[in-house]
Amino acid sequence: MKTKFLTVGLIAAIMVPAAAQAQTREIREDRRDVREEQRELRQAQRYGDRGDIREERRELRDARQDLRDSKRDWRRDTRYQNYRAPFRYQQFAVGATIRPNYYAPAYRPAWDSRWGVPRAGRNLTYVRHYNDLLLVNERNGRVIKVYRNHFRWR
């Protein structure tokens, strides 16, 4: 029985990154298709007739819609996955100094009153580090307060 759960867990652990990887690959391919359709439209505008131009505009519009759909699907699917930063997890303590890439705008969630924490003051910002919430001084990177497991799935 335990091996069955272990097997299912391992398969799930492998499939989630593979699915995310497939979606990002699809977005890259859709971007490439949009660029290709733009080139073909320019070509039709130079050397084609009105029918060719109309057809290429339609194909470009379809390619852009595919790209928007892929991005929307990726956002929808990644919203419910665990948050992972591009760097390893480490526990930060109050007074620790962190590098600026740790509190880059991508890791600064918009403050929400449901968090149960006060608003960040002047020159302070909240930073999400995996499931932890850090209050960081923007000027020197010093950690002011740490809320451990703040974003733990309930």
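Everything in this summary refers to the structure shown in the same document. (Residues numbered from 1 in each chain as written. Predicted model: local features only at pLDDT ≥ 70, side-chain atom pairs only at ≥ 80, totals over all residues. Heavy atoms only, no water.)

1. Considering a negative patch on the surface
The criterion, for reference: Residues with no salt bridge and a relative accessible area higher than 30% make up the patches, which join like charges within 9 Å and nonpolar side chains (Val, Leu, Ile, Met, Phe, Trp, Tyr) within 5 Å. Only the protein chains shown count as cover for residues, and all accessible areas are computed by the Shrake-Rupley method using a 1.4 Å probe. Any Lys or Arg side-chain nitrogen located within 4 Å of an Asp or Glu carboxyl oxygen qualifies as a salt bridge. Note that His is not counted, nor are the chain ends; the positive residues are Lys and Arg, and the negative ones are Asp and Glu. Just so you know, the charge point we use is NZ for Lys, CZ for Arg, CG for Asp and CD for Glu. Secondary structure elements are defined from DSSP: runs of H or I of at least 4 residues count as helices, runs of E of at least 2 residues count as strands, and each element is numbered from the N terminus. Summary of the burial criterion: residues with accessible area below 20% of their type's maximum are buried, those above 50% are exposed, and those between are partly exposed, where the area comes from a 1.4 Å probe applied to protein chains only.
A contiguous patch of negative charge, built from Glu26, Glu29, Asp62 and Asp66, is present on the exposed surface. Secondary-structure elements contributing two or more residues to the negative patch are helix 1 (2–47) and helix 2 (50–79). Considering the arrangement of structural elements, one finds Glu29 in helix 1. For Glu29, a relative accessible area of 36% corresponds to the partly exposed category.

2. Some remarks on the sheet that holds strand 3 (residues 143–147)
Rule in force here: At least two DSSP bridges between two strands are needed for those strands to be called paired. Between N-to-C directions, angles cover 0 to 180 degrees, with each direction set by a line fitted to C-alpha atoms, over the stretch in contact for helices.
A sheet is described by the order of its strands in space; here 3 strands give the open sequence 1-2-3, paired in antiparallel fashion. Each of the sheet's edge strands pairs with one partner strand only, and the pair in question is strand 1 (124–129) and strand 3. Averaged over all pairs of adjacent strands, the angle between strand axes in this sheet comes to 20 degrees, irrespective of strand direction.

3. What to know about the environment of Phe92
Defined as follows: Contact criterion: two residues are considered in contact whenever any of their non-hydrogen atoms come within 4.5 Å of each other.
As for its position among the elements, Phe92 is in the loop between helix 2 and strand 1. Under the relative-accessibility criterion, Phe92 is labelled buried at 6%. Among residues more than four places away in sequence, those in contact with Phe92 are Ile98, Tyr102, His129, Leu134, Val143, Val146 and Arg148.

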